[in-house]
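This is what each chain is made of:
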Amino acid sequence: MKPRHAVVLAVCTLAAASTPLAAKPVEQVRVGFSTSISGPFAALGAEARDGFNLAIKQLGGKLGGIPVEVFSTDEAGNPDTARQHVDRYLKRDRIHFYTGPIGSNVALAVGPALFAAEVFYLSNNAGPSQLAGAQCNAYFFGTAWQNDAYHEAAGKFAAERGFKKVAVLAPNYPAGQDAITGFKRGYAKPVSSETFTKLGQLDYAAELARLRAEAPDALYIFLPGGMGINFVKQFVGAGLSTGTQIVGPGFSADEDVIRAVGEPMLGMFNTAHWNHDFTNPASQAFVQAYQKEYGRLPSIYAAQAYDTVLMMDAAVREVKGELDNKPAVRAALQKANFKSVRGDFRFGNNQFPVQDYFLRTIVKDTQGRTTNRTLSKVFTNHQDAYASQCKLQ
């Protein structure tokens, strides 16, 4: 891959894409991959990069049998930087596909330019509610999940577990707002308190003091990356874990956080759509290859980026490389004719996955590693709450 400097909201209709009278196969597939290698989501972006690169390597540097050029850049979780990258991707590199951003704020920022240019955005992570509902777009595919879903699953678990007094905490940005909304939807009763922190915040002394005074039965956190690492260390260090059960989405309790925090993570419950202990053949092969390539267990971020590449590969092969035929490419993407690490995969009407979600807990495995173990299924074939607002055909 050749690294180059390069990385939306729109109406819900497929633009009257001008399909060439005689579309021809492209000689090269061009993909813009802009993610967070620095900034608040750096650890998550590095995981996504590694999963993405592994898939490209396994495919021999091709998508659908056609050589691929990937334009990779670091947007550092900054929407303005990401807009600049996308502008270059579109004007200079003439990309066919775009993926990479971790943050929903970045996803929302880059969408309009991509949609106006009729470039397909396959989101390997961010799934903002806006793009799942009224502002859905034919050129946007949420290949991971819709933001609320992990949190809805955690809320359902918290209610079924019988937690009576539950506090919630998340950073104040689109995904954080979706997190609190989703958890409350799943919990289905009032929470004891809601706290929104600054995006990228690393010191939680004030929040911990309030939690000590409140003494909830459980605390639900959505704090991905370095935010979660620092919070969990401070939460356990302050002795709060002895009286309050911490619960989170997989984003706050995945391999990136576990590697940084270690044993203080033990016993934390979290929800996800995938785990490295899944037994389907595609997942097992991915986990084995990832460990061989990078010497560590893969996170959900790596798995999602890996799946996104396989989805592109399947679509390019389906249309025989005729990527200027936008309706045909969209139809091929909608089929999702690839072997996902999560097992069966299908899209709903809003081009977000309809899929299962699971409860995990952090344990010591048979090799002595602190990691996640899948416990049970929380949702089966779950569709997000915003799909009915989407008018895509």
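Please refer to the structure higher up on the page.
Presented here is a report on the structure given in the accompanying data block. (Residues numbered from 1 in each chain as written. Predicted model: local features only at pLDDT ≥ 70, side-chain atom pairs only at ≥ 80, totals over all residues. Heavy atoms only, no water.)

## Quick notes on the packing of aromatic side chains
Stage number 1. Under the definition given, this model contains 30 aromatic pairs.
Stage number 2. With centroids separated by 5.9 Å and ring planes inclined at 35 degrees, the aromatic side chains of Phe-41 and Tyr-173 adopt a geometry described as tilted. With Phe-41 in the loop between strand E1 (29-35) and helix H1 (42-58) and Tyr-173 in the loop between strand E7 (166-171) and helix H6 (174-187), this pair connects stretches of sequence that are 132 residues apart. This pair shows no difference in class: Phe-41 is buried, exactly as Tyr-173 is.
Stage number 3. Summarising the aromatic geometry, the rings of Tyr-290 and Tyr-294 are spaced 4.7 Å apart at their centres and angled 55 degrees between planes, so their arrangement reads as tilted. In this pair, Tyr-290 and Tyr-294 both sit in helix H10 (residues 281-294), four residues apart, roughly one turn of the helix.
Stage number 4. Ring-pair connections join several aromatic residues into one group, and the members of that group are Phe-41, Trp-145, Tyr-150, Tyr-173, Phe-222, Phe-251 and Tyr-357. (Phe/Tyr/Trp six-rings, centres within 6.5 Å; stacked < 30°, edge-to-face > 60°. Helix = DSSP H or I, 4+ residues; strand = E, 2+ residues; numbered from the N terminus. Buried < 20%, exposed > 50% of the residue type's maximum accessible area, 1.4 Å probe, protein only.)

## Details of the sheet that holds E1
Stage number 1. Read across the open sheet, the six strands follow the order E2-E3-E1-E4-E5-E6; overall the sheet is mixed. The outermost strands of the open sheet, each flanked by one partner alone, are strand E2 (62-63) and strand E6 (140-142).
Stage number 2. Looking at chain direction, E1 and strand E3 (residues 66-74) are connected through seven bridges and run parallel. Paired with Ser-34 across the strands is Thr-73, a residue of E3. (Pairing = 2+ DSSP bridges.)

## A closer look at the state of the cysteines
Stage number 1. Considering all chains together, one arrives at one disulfide under this definition.
Stage number 2. Two residues share a disulfide in this structure: Cys-136 and Cys-390, whose sulfurs sit 2.2 Å from each other. Given an S-S torsion of about 90 degrees, the disulfide between Cys-136 and Cys-390 has right-handed geometry. In this pair, Cys-136 is assigned in the loop between helix H4 (129-132) and E6 and Cys-390 in the segment after strand E13 (370-382), connecting sequence segments 254 residues apart. (Disulfide = S-S within 2.5 Å.)

## Examining the sheet that holds strand E11 (residues 269-272)
Stage number 1. What the seven strands build is an open sheet, ordered E8-E7-E9-E10-E11-E12-E13; its pairing is mixed. Where the open sheet ends on each side, the last strands, each with one partner, are strand E8 (193-197) and E13. On average, adjacent strands in this sheet sit at an angle of 20 degrees to one another, irrespective of strand direction.
Stage number 2. Strand direction decides the pairing type here: strand E10 (residues 245-249) and E11, joined by three bridges, are parallel. By the bridge assignment for E11, Val-247 is matched with Phe-269.
Stage number 3. Seen against the sheet, helix H8 (residues 226-237) touches E7, strand E9 (218-221) and E10 and runs at an angle of roughly 160 degrees to E9. (Axes fitted to C-alpha atoms, helices over the stretch in contact; angles between N-to-C directions. Contact = heavy atoms within 4.5 Å.)

## Topic: H10
Stage number 1. In a regular helix each residue adds 1.5 Å, so 14 residues correspond to 20 Å; H10 covers 20 Å between its end C-alpha atoms and thus fits that length.
Stage number 2. Taken as a whole, H10 has its buried residues at Ser-283, Phe-286, Val-287 and Tyr-290. Along the axis of H10, the buried residues cluster in a sector spanning 100 degrees; they form a single face. Facing away from the buried side of H10, by more than 90 degrees, are the exposed residues Pro-281, Gln-288 and Lys-292.
Stage number 3. Residues of H10 that are buried in the fold lie against H1 and helix H11 (300-318).
Stage number 4. The distance from a side-chain oxygen at the start of H10 to the backbone nitrogen of Ala-282 is 3.2 Å, and the residue carrying that oxygen is Asn-280.
Stage number 5. One or two positions beyond H10, positive phi appears at Gly-295, with a value near 70 degrees. (Expected span 1.5 Å × (residues − 1). Arc of directions from axis to C-beta. Polar contact = N/O pair within 3.5 Å; in protein donor to acceptor, adjacent residues only side chain to side chain.)

## Description of the pattern of salt bridges
Stage number 1. Summed over all chains, the structure comprises 20 salt bridges.
Stage number 2. Here Glu-47 ties to Arg-296 by a salt bridge, and the two come within 2.9 Å at their closest N and O atoms. Of this pair, Glu-47 sits in helix H1 while Arg-296 sits in the loop between H10 and H11, and the two are 249 residues apart along the sequence.
Stage number 3. Among the ionic pairs, Lys-364 bridges to Glu-263, the shortest N-O distance being 2.9 Å. One end of the pair, Lys-364, is in strand E12 (residues 355-364); the other, Glu-263, is in the loop between helix H9 (255-261) and E11, with 101 residues separating them in the sequence. (Salt bridge = Lys/Arg side-chain N within 4 Å of Asp/Glu carboxyl O.)

## Topic: the environment of Gly-368
Stage number 1. Following the sequence through the fold, Gly-368 ends up in the loop between E12 and E13.
Stage number 2. Of the residues examined, Gly-368 reaches a relative accessible area of 42% and is grouped as partly exposed.
Stage number 3. Sequence separation between Gly-368 and Asp-50 is 318 residues, and the spatial gap between their C-alpha atoms is 24 Å.

## Notes on the packing of H11 against helix H12 (residues 326-335)
Stage number 1. H12 packs onto H11 with a crossing angle of 130 degrees between their chain directions and a minimal axis gap of 8 Å. Accordingly, the angle class assigned to the pair H11 and H12 is oblique. Handedness of the H11/H12 crossing: right-handed. Of the residues in H12, those in contact with Met-311, Ala-315 and Glu-318 of H11 are Ala-332, Leu-333 and Lys-335.
Stage number 2. A breakdown of the residues in the contact of H11 with H12 according to their chemical character gives four nonpolar, no polar and two charged. (Parallel < 35°, antiparallel > 145°, perpendicular 65-115°, else oblique. Left-handed = near helix turned anticlockwise from the far one by under 90°. Nonpolar A, V, L, I, M, F, W, Y, C, P; charged D, E, K, R; others polar.)

## Focus: the pairing of E11
Stage number 1. Here E11 shows a buried face lined by Phe-269 and Thr-271 and a second buried face lined by Asn-270 and Ala-272.
Stage number 2. What joins E10 to E11 is H9, and the crossover it makes is right-handed.
Stage number 3. Pairing of E11 with E12, which is carried by four bridges, proceeds in the antiparallel orientation. Its bridge partner being in E12, Thr-271 is matched across the sheet by Leu-359. (Right-handed = clockwise from strand over helix to strand, strands pointing away.)

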